[in-house]
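As a plain string of letters, each chain reads:
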Amino acid sequence: MATNQQFYWAVKFLIWLLAALPIAWLSWSILQKTLGPNPAEAIDRFLGYWALVFLWITLAVTPLRLITGLGQLIRFRRLLGLFSFFYAVLHLFSYLTINQFFDWVAIWEDLLKRNYIMFGFFGFIILTILAATSTTTMIKRLGAGNWNRLHKSIYISAILITIHFIMIRKGFQLEPFVYAAVLLLLLTSRFKLKHRRSRKRKFLSLKK
Ligand code: HEM
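Conventions used here
- Residues numbered from 1 in each chain as written.
- Predicted model: local features only at pLDDT ≥ 70, side-chain atom pairs only at ≥ 80, totals over all residues.
- Helix = DSSP H or I, 4+ residues; strand = E, 2+ residues; numbered from the N terminus.
- Buried ≥ 20, exposed ≤ 12 C-beta atoms within 10 Å, placed from the backbone.
- Contact = placed C-beta atoms within 7 Å.
- Near = placed C-beta within 6 Å.
- Nonpolar A, V, L, I, M, F, W, Y, C, P; charged D, E, K, R; others polar.
- Expected span 1.5 Å × (residues − 1).
- Arc of directions from axis to C-beta.
- Axes fitted to C-alpha atoms, helices over the stretch in contact; angles between N-to-C directions.
- Parallel < 35°, antiparallel > 145°, perpendicular 65-115°, else oblique.
- Left-handed = near helix turned anticlockwise from the far one by under 90°.
- Core = buried A, V, L, I, M, F, W, Y, C linked by C-beta atoms within 7 Å.
- Bend = angle between axes of the 7 residues up to and from the residue.

A. The arrangement of the overall build of the protein chain in detail. When you go through the protein chain residue by residue, the secondary structure sums to 9 helices and 0 strands. Listing every helix and strand of the protein chain by position from the N terminus yields α-α-α-α-α-α-α-α-α. Per-residue burial for the protein chain yields a buried fraction of 19% across its 208 residues. A separation of at least 24 residues holds for 67% of the contacts in the protein chain among residues at least 6 apart in sequence.

B. Region of the structure containing the site of the ligand. Inspection of the region around the ligand gives 25 residues, with Glu 41, Gly 48, Ala 51, Gly 120 and Phe 124 positioned closest. Listing elements by their share of the shell around the ligand, those giving two or more residues are α2 (39-68), α3 (77-99), α5 (116-132) and α8 (154-168). Broken down by element, the shell around the ligand gets its largest block of residues, 8 residues, from α2. Partitioned by chemical class, the residues of the shell around the ligand number 14 nonpolar, 7 polar and 4 charged.

C. Structural context of the environment of Ile 159. You can see Ile 159 is positioned in helix α8. The partly exposed category is assigned to Ile 159, around which 16 C-beta atoms lie within 10 Å. Each C-alpha atom of the pair Ile 159 and Leu 35 lies 29 Å from the other, and the pair is 124 residues apart in sequence.

D. Region of interest: α5. Compared with the 24 Å implied by 1.5 Å per residue over 17 residues, the 25 Å span of α5 between its first and last C-alpha is a close match. Along α5, the positions that sit buried rather than exposed are Gly 120, Gly 123, Phe 124, Leu 127 and Leu 130. Buried residues in α5, looked at end-on, bunch into an arc of 120°, giving them a common side. Exposed positions of α5 whose direction lies more than 90 degrees from the buried face are Ile 125 and Ala 132. The inward-facing, buried residues of α5 contact α3, α7 (144-151) and α8.

E. Expanded view of the packing of α5 against α8. Close contact between α5 and α8 brings their axes to 8 Å; oriented N to C, the two are set at 155°. Viewed along their axes, α5 and α8 adopt a mutual orientation that is roughly antiparallel. Pair α5 / α8 crosses with left-handed handedness. Residues Tyr 116, Phe 119, Gly 120, Phe 122, Gly 123, Ile 126, Leu 127 and Leu 130 of α5 form the contact with α8, whose own contacting residues are Ile 154, Ile 156, Ser 157, Leu 160, Ile 161, Ile 163, His 164, Met 167 and Ile 168.

F. Structural view of the nonpolar core. Leu 47, Ala 51, Phe 54, Leu 55 and Tyr 87 are the most contacted members of the largest nonpolar core, which has 25 residues in total. Secondary structure elements with two or more residues in this core: α2, α3, α5, α8 and α9 (174-207). Sorting elements by how many residues they give to this core places α2 first, with 10 residues. Residue contacts for Tyr 87: discarding those within four places in its chain leaves Leu 47, Trp 50, Ala 51 and Phe 54.

G. Examining helix α1 (residues 4-32) more closely. Its 29 residues give α1 an end-to-end C-alpha distance of 42 Å, which sits within 8% of 42 Å, the value for a rise of 1.5 Å per residue. At Leu 21, α1 is deflected by roughly 25°, the largest bend along its length, and proline Pro 22 occurs up to four residues later in sequence. With respect to burial, α1 is a largely exposed element, only 0 of its 29 residues being buried.

H. Geometry of the packing of α3 against α5. Two elements in contact, α3 and α5, have axes separated by 10 Å at closest approach and are oriented at 135°. Put simply, α3 runs oblique to α5. Our pair here, α3 against α5, has a crossing hand that is left-handed. Between α3 and α5, the contacting residues are Gly 81, Leu 82, Ser 84, Phe 85, Ala 88 and Leu 92 on the first element and Phe 124, Leu 127, Leu 130 and Ala 131 on the second. For the contact of α3 with α5, the residue count by class is 8 nonpolar, 2 polar and no charged.

I. Seen up close, the environment of Phe 165. With respect to the secondary-structure elements, Phe 165 resides in helix α8. Sequence separation of Phe 165 and Gln 6 is 159 residues, and the distance between their C-alpha atoms is 38 Å. Setting aside anything within four residues of it in sequence, one finds Phe 165 in contact with Leu 52, Pro 176 and Tyr 179.

Given below as structure tokens:
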């Protein structure tokens, strides 16, 4: 029978595989030249999209853990969050290189013209801080309480990125709103489940 540790490594392997698939697909599409008339834009959008998907999966871990009671799920949250950051770095890199060719004046003008970029930028800064403080050493250095408070800012980042996404898709497009609705659901369920759990704990301690 598989031990806990074997199960842990199997799930980790699956996450790595899942995270490698979009990159593999993108590389294949670049080689096959099937990215449409504007490949630079397609690459940038694809990478941004997967950064968002991994962020949403990361945010789903806590509600899932609270619903299923599978405490072990928490062990995969950091890895999922780091994959979101990884795709966000590639997204920014593709914007700076193949889209803007490191032309800082053009980038500045673009920032002023398409102000949704600002939302993505601040969302990215938060993700960078969270990735930099995701190690066990940083948890010890900051203290669990401070670390937890800091890492709640992942929700601020997710809200900024939702705005970034909604504003990019001009006119009314359903997809960004679906992601916004899922985020709202994740936020409220997390709050409700935590609240219910603390009420249950209080009730049990009164019974003792
Ligand atoms: C400094 C940071 C960022 C910059 C400069 C930036 C810039 C951009 C630009 C220019 C686009 C439009 C692509 C195009 O039309 O060529 C875009 C799209 C997008 N970005 Fe960002 N972004 C940043 C951060 C992020 C982050 C952190 C995320 C998610 C975690 C993200 C998610 C997205 C998504 C989902 C799209 C739309 C993809 C689609 O249309 O399917 N961005 N970003």
